[in-house]
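# Architecture and fold: a report
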Amino acid sequence: MNISGTYLVTQASHSRDRSTERIVAAAIEGGVTAVQLREKHMTARERYSVGKALRERTRAAGVTFIVNDRADLAVAVDADGVHLGDDDLPIAAAREVLGPDGYIGRSVSTVAAATAAERAGADYLGVGAVFATASKDVSAADAEIGLETVADIADAVDVPIVGIGGVTPENAGEVVAAGADGVAVISAITAAEDPVAATRRLAASVEEAAR
């Protein structure tokens, strides 16, 4: 499983009336390394149906596939893992559902939360919001944690971290230079006029910074 690089978080409400499957196909063509099924507006049954389709597509492309929030849904669609937030199952409980081989990500915005998540067994961390964003509902305190906090978290943990929140091809390299192993985006790919080209630009920025 590869979390480093360019990580797409799906959200159909930003997709300009294009299907999630179409956006993911474009992102894969553009070189995305991981896809997270978010789609919080969908019912569990709808997410299951989309998740099964995305699992087939990502597996064929060798792309890591993660489900947001729901460990049970991750198991049901045979995803590689689940990504958890503050209101979701504790990491230990999600591990019981997923088993020993499932990948568990955790959203964090502070060093204390990052080290606690690592101790609890998180396999990677989503750190943010790095920059201001309208794509995710975050508290005022977490609205823009900045590159310095990304660097502090990178120094404090040994698991991979991806920066999320307001990331674009223009600033993605800064996030990686601060210590992130990759970047996670919603709008930068999903809302782009050309998602393939947008993914390629993001991937190039990440790869250049990583070198």
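For the structure, see preceding data.
Residues numbered from 1 in each chain as written. Predicted model: local features only at pLDDT ≥ 70, side-chain atom pairs only at ≥ 80, totals over all residues. Heavy atoms only, no water.

### Remarks on the packing of helix α1 (residues 20-30) against helix α9 (residues 195-210)
To characterise two packed helices, one gives the angle between the axes of the helices and the distance between these axes. With their axes 7 Å apart at the nearest point, α1 and α9 run at an angle of 40° to one another. Of the possible angle classes, the one that applies to α1 and α9 is oblique. Between α1 and α9 the crossing geometry is right-handed. Along its contact with α1, which presents I23, A26, A27, E29 and G30, the element α9 presents P195, V196, T199, R200 and A203. (Axes fitted to C-alpha atoms, helices over the stretch in contact; angles between N-to-C directions. Helix = DSSP H or I, 4+ residues; strand = E, 2+ residues; numbered from the N terminus. Parallel < 35°, antiparallel > 145°, perpendicular 65-115°, else oblique. Left-handed = near helix turned anticlockwise from the far one by under 90°. Contact = heavy atoms within 4.5 Å.)

### Some remarks on the packing of aromatic side chains
Centre distance and the angle of the planes are the two values used to describe a pair of aromatic rings. Across all of its chains, the model carries two aromatic pairs by this definition. Pairing Y7 with Y124 gives two aromatic rings, centres 6.0 Å apart and planes at 50°, and the pair type is tilted. One end of the pair, Y7, is in strand β1 (residues 5-9); the other, Y124, is in strand β6 (residues 124-128), and 117 residues separate them in sequence. With respect to burial, Y7 and Y124 carry one shared label: buried. Between Y103 and Y124 the ring centres are 5.7 Å apart and the planes differ by 25°, which places this aromatic pair in the stacked class. On the criterion of sequence distance, the pair formed by Y103 in strand β5 (residues 103-108) and Y124 in strand β6 is long-range, its members being 21 residues apart. Exposure class is identical for Y103 and Y124. Each is buried. (Phe/Tyr/Trp six-rings, centres within 6.5 Å; stacked < 30°, edge-to-face > 60°. Buried < 20%, exposed > 50% of the residue type's maximum accessible area, 1.4 Å probe, protein only.)

### Notes on the packing of helix α5 (residues 111-120) against helix α6 (residues 146-156)
It is the contact of α5 with α6, at a shortest axis distance of 9 Å, that shows an interaxial angle of 30°. On the basis of the axis angle, α5 is roughly parallel to α6. In this structure, α5 crosses over α6, and the sense of that crossing is right-handed. Facing V111, A114, T115 and E118 of α5, the residues of α6 in contact are D152, I153 and A156.

### Here we look at the pattern of salt bridges
The full count for this structure, using the stated rule, is six salt bridges. Of the charged contacts, one joins D86 and R106 as a salt bridge, the two residues approaching to 2.9 Å between their closest N and O atoms. Linking D86 in the loop between β4 (81-84) and α4 (91-98) with R106 in strand β5, this pair joins segments that are 20 residues apart in sequence. With a relative accessible area of 63%, D86 lands in the exposed category. (Salt bridge = Lys/Arg side-chain N within 4 Å of Asp/Glu carboxyl O.)

### Topic: the environment of F65
Tracing the sequence through the fold places F65 in strand β3 (residues 64-68). Note: C-alpha distance between F65 and G81 (16 residues apart in sequence) is 7.0 Å. Residues contacting F65, with those up to four places away along its chain left out, are V35, L37, G51, L54, R55, T58, V77, A79, D80 and G81.

### Notes on the environment of D158
Topologically, D158 is positioned in the loop between α6 and β7 (161-164). Under the relative-accessibility criterion, D158 is labelled exposed at 75%.

### Details of the side chain of R18
The residue R18 is located in the loop between β1 and α1 in this model. Of the side chains bearing the opposite charge, D194 lies closest to the buried R18, which forms no salt bridge; the N-O distance is 7.1 Å. In this structure, R18 is in contact with I23, T190, A191, A192, E193 and P195, ignoring residues within four places of it in sequence. (Lys, Arg positive; Asp, Glu negative; His and termini not counted.)

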